[in-house]
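# Chain and residue survey
One-letter residues, chain by chain:
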Amino acid sequence: MSKIPYKTYLPEAQMPTQWQSLRADMKNCPPMLHPGTRQPVTLDDLRPVFVEELAKQELSDAKFIDIPGEVMDFYRMIRPSPLVRAYALEKALGTPARIYYKFEGTNTSGSHKLNSAVAQAYYAKQQGLTSLTTETGAGQWGTALSMACAYYGIDLSVYMVKISSEQKPYRKAVMETYKAKVTPSPSNTTNCGRAALAENPNSHGSLGNAISEALEVAMSTDNCRYVLGSVLQHVLLHQSVIGLEARAAMDSLEEYPDIVVGCAGGGSNLGGLIVTYASDKLLGKANPRIVAVEPASCPSLTRGRYAYDFGDTAMTTPLIKMYTMGSAFKPHENHAGGLRYHGMNTVMSQLKEDGLLEAIAVPQKSVFEAATLFARTEGTLPAPESAHAIRGAIDEALACKESGESKCILFGLSGTGYFDMQAYMDYNEGRMDDNIPDDATLANGFASIPG
Ligand SMILES: *Cc1c(COP(=O)(O)O)cnc(C)c1O
């Protein structure tokens, strides 16, 4: 057999033209509930806040949804993303494992988030909306959405978690280049921002609070809606392009992973990557292991409760059944900003609950150890979030070295680390710590979960 190539790009003509929903293969996925009535939310409940078509997708049971032609056109500019065989990393580890990664960081926003941003901005435009609001943690989602909104000619207001806006001024500059208005959160532009500042004027901000601010603005502005870059089902749907491309490329190499690994913040890149493999598992066709890697500082899947909870700190969103730390949980300001969310997508949570998804939590320094090894061997500087998946994949490859098994490992490299140099500086200069919350801190967060 000829040597498997370093990089496999799916031919443009073979790019997926439909998104795939994993929830369609599940019988037991709990619905979102209206916080007042505790009944499953309806389209009418979601319509005032969300883009209509996205709300429909959120509630849809369809397994496949056509990707609109204009979204395909944008995808053709930025996709397919490469599937890379990590020969150099394998060699450095001395492992018999075959390691592949799907790299989503080749576009200017630097992460997978653009896959959903483009779809969301497109549907907003179709509906005749003139502006969108959103929150951003580390900045990847805000950047991606600002690119998409500039492309479709929609105004965008981004509430950026304050600590991230300070750590990442260049992210803000990119968003502003794409015409977005960026406000550090908590801010004095909204009621819930002012309330957060009154409670703690030095607040670093949190994703939950930034969501509350963006929601408040969307609900009080004409022709404006709120959009979200993770956690919700329609976001996972759009991210299925990652997994569909990866599957087609792996199939063309006659490879089927024994283990699929991804980092999990709200669950969207992981949910996208695993879509066909998890479907195989649900339908009893195959049984790959699926591993979610999360930060030890914000361990929703490994130490959280599986319960109905709010998506934001102001407790205004529908109730979502998920593994959660509680919306009042304030994760330490570690460097993987995109993984600092208190909850987790419902489908990912239910897979975990059913034993179909394994989860591990890893401390920050070991993540950066993996990130630098990866950068030095594979050449690509990974995002700190993505480096959680690298850590998980390396640990599986080292287990193969112990056992002598030549397993096939596929992991998601969700983005680049170009805008995370403060994190790398802290690591390189020995200023990084691990910040693992104690049980009392977790108990505080759990206390905010509604009964
Ligand atoms: C946002 C982000 C994540 C985490 O979000 P998910 O919805 O869990 O995928 C992971 N990696 C990168 C690079 C991100 O920007």
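This text follows the structure it describes.
These remarks concern the structure in this document. Bear in mind the structure is a predicted one, so any value in this text is a computation, not a measurement.

### Describing the pairing of strand β10 (residues 259-263)
- With five of five residues buried, β10 is to be regarded as a mostly interior element.
- Burial of β10 is two-sided: the residues Ile259, Val261 and Cys263 facing one way and the residues Val260 and Gly262 facing the other way are all buried.
- Bridge count between β10 and strand β15 (residues 408-413): three bridges; the pairing is parallel. Of the residues in β15, the one forming a bridge with Val261 is Phe411.

### What to know about the site of the ligand
- The full set close to the ligand counts 19 residues, and Lys113, Ser230, Gly265, Ser268 and Ser414 are the nearest of them.
- Lys113 is positioned with one of its side-chain polar atoms (N or O) 2.5 Å from an oxygen atom of the ligand.
- For the ligand, an oxygen atom lies 2.8 Å from a polar atom in the backbone of Gly267.
- With respect to the pocket detection grid, the ligand is positioned in the largest cavity.

### Digging into the sheet that holds strand β6 (residues 131-136)
- Taking strand neighbours across the sheet as the criterion, the four strands line up as β8-β7-β6-β9 in an open arrangement whose pairing is parallel. In this open sheet, the two edge strands, each paired with only one partner strand, are β8 (181-185) and β9 (224-226). For this sheet the average axis-to-axis angle between neighbouring strands, irrespective of direction, equals 20°.
- Here three bridges tie β6 to β9, and the two strands are oriented parallel to one another. When the bridges of β9 are listed, Leu132 appears paired with Arg225.
- Running at roughly 160° to β6, helix α6 (residues 140-152) makes contact with β6 and β7 (155-161) of the sheet.

### Considering helix α9 (residues 191-199)
- When α9 is considered as a whole, its buried residues turn out to be Cys192, Gly193 and Ala196. Buried residues of α9 fall within an arc of 105° about the axis and therefore sit on the same side. Exposed side of α9, more than 90 degrees from the buried face: Asn191 and Ala198 are the residues found there.
- Those residues of α9 hidden inside the fold are in contact with α10 (207-219).

### What to know about the nonpolar core
- Within the largest apolar cluster, 38 residues are counted, with the highest numbers of intra-cluster contacts made by Trp19, Val51, Val71, Tyr75, Leu114, Leu132 and Tyr152.
- Secondary-structure elements contributing two or more residues to this core are α3 (69-78), α5 (114-126), α6, β7 and α11 (233-252).
- The element best represented in this core is α5, accounting for eight residues.
- The contact partners of Val51, leaving out residues within four places of it in the chain, are Tyr123, Ala124, Gln127, Leu129, Leu132, Arg225 and Val227.
- Among the nonpolar cores identified, the runner-up in size contains 35 residues, and Ile242, Ile274, Met344 and Leu410 belong to it.

### Things to note about the layout of surface pockets
- The volume enclosed by the largest pocket comes to roughly 550 Å³.
- Ser203, Ser206, Asn209, Thr313 and Lys330 are the residues nearest the centre of the largest pocket, which is lined by 26 residues in total.
- Those elements giving two or more residues to the lining of the largest pocket turn out to be α9 and α10.
- Looking at the lining of the largest pocket element by element, the count peaks at four residues for α9.
- In this structure, the second largest pocket occupies an estimated 380 Å³ of space.
- Taken together, 20 residues form the lining of the second largest pocket, with Arg23, Cys29, Pro30, Pro31 and Glu58 sitting closest to its centre.

### A closer look at unusual backbone geometry
- The amide bond that connects Arg79 to the next residue, Pro80, takes the cis arrangement and shows omega of -5°.
- Mapped onto the elements of the fold, Pro80 is located in the loop between α3 and β4 (83-85).
- Here the residue pair Ser185 and Pro186 is connected by a cis peptide bond, since its omega of 10° sits within 30 degrees of zero.
- Considering the arrangement of structural elements, one finds Pro186 in the loop between β8 and α9.
- With phi around 50°, Asn435 is a residue other than glycine that occupies positive phi space.
- If you trace the backbone, Asn435 turns up in the loop between α18 (421-428) and α19 (439-446).
- Under the relative-accessibility criterion, Asn435 is labelled partly exposed at 24%.

### Side note on the sheet that holds strand β14 (residues 358-362)
- The seven strands lie next to each other as β1-β4-β5-β15-β10-β11-β14, forming an open sheet whose pairing is mixed. Either end of the sheet is taken by a strand with one partner, and the two such strands are β1 (7-8) and β14.
- As paired elements, β4 and strand β5 (residues 98-103) share three bridges and run antiparallel to each other. Looking at the pairing, Leu83 lines up with Lys102 of β5.

### Some thoughts on empty space enclosed by the protein
- Evaluated as defined, the whole model comprises eight cavities of 30 Å³ or more.
- In this structure, the largest cavity spans a volume of roughly 360 Å³.
- Taken together, 32 residues form the lining of the largest cavity, with Lys113, Leu207, Gly229, Ser230 and Gly338 sitting closest to its centre.
- Secondary-structure elements contributing two or more residues to the lining of the largest cavity are β6, α6, α10, α12 (268-273) and α17 (384-403).
- The residue inventory of the lining of the largest cavity, partitioned by class, reads ten nonpolar, 19 polar and three charged.
- Put simply, the second largest cavity is a space of about 100 Å³.
- Along the walls of the second largest cavity sit Met32, Phe50, Ile211, Tyr226, Leu228, Val231, Leu232, Gly311, Thr317, Pro318, Ile320 and Tyr341, which together make up its complete lining.
- Here the lining of the second largest cavity is built from residues that sort into ten nonpolar, two polar and no charged.

The rules behind the values
Residues numbered from 1 in each chain as written. Predicted model: local features only at pLDDT ≥ 70, side-chain atom pairs only at ≥ 80, totals over all residues. Heavy atoms only, no water. Buried < 20%, exposed > 50% of the residue type's maximum accessible area, 1.4 Å probe, protein only. Helix = DSSP H or I, 4+ residues; strand = E, 2+ residues; numbered from the N terminus. Pairing = 2+ DSSP bridges. Near = heavy atom within 4 Å. Polar contact = N/O pair within 3.5 Å; in protein donor to acceptor, adjacent residues only side chain to side chain. 1 Å grid on protein atoms, 1.4 Å probe; cavity = no way out; pocket = protein on both sides within 12 Å on 5 of 7 lines; lining within 4 Å. Sits in = over half its atoms within 2 Å of the grid points. Axes fitted to C-alpha atoms, helices over the stretch in contact; angles between N-to-C directions. Contact = heavy atoms within 4.5 Å. Arc of directions from axis to C-beta. Core = buried A, V, L, I, M, F, W, Y, C linked by side-chain atoms within 4.5 Å. Points joined across faces, edges and corners; volume = space filled by probe spheres on them. Nonpolar A, V, L, I, M, F, W, Y, C, P; charged D, E, K, R; others polar.

What is shown is where atoms sit, not what they do.
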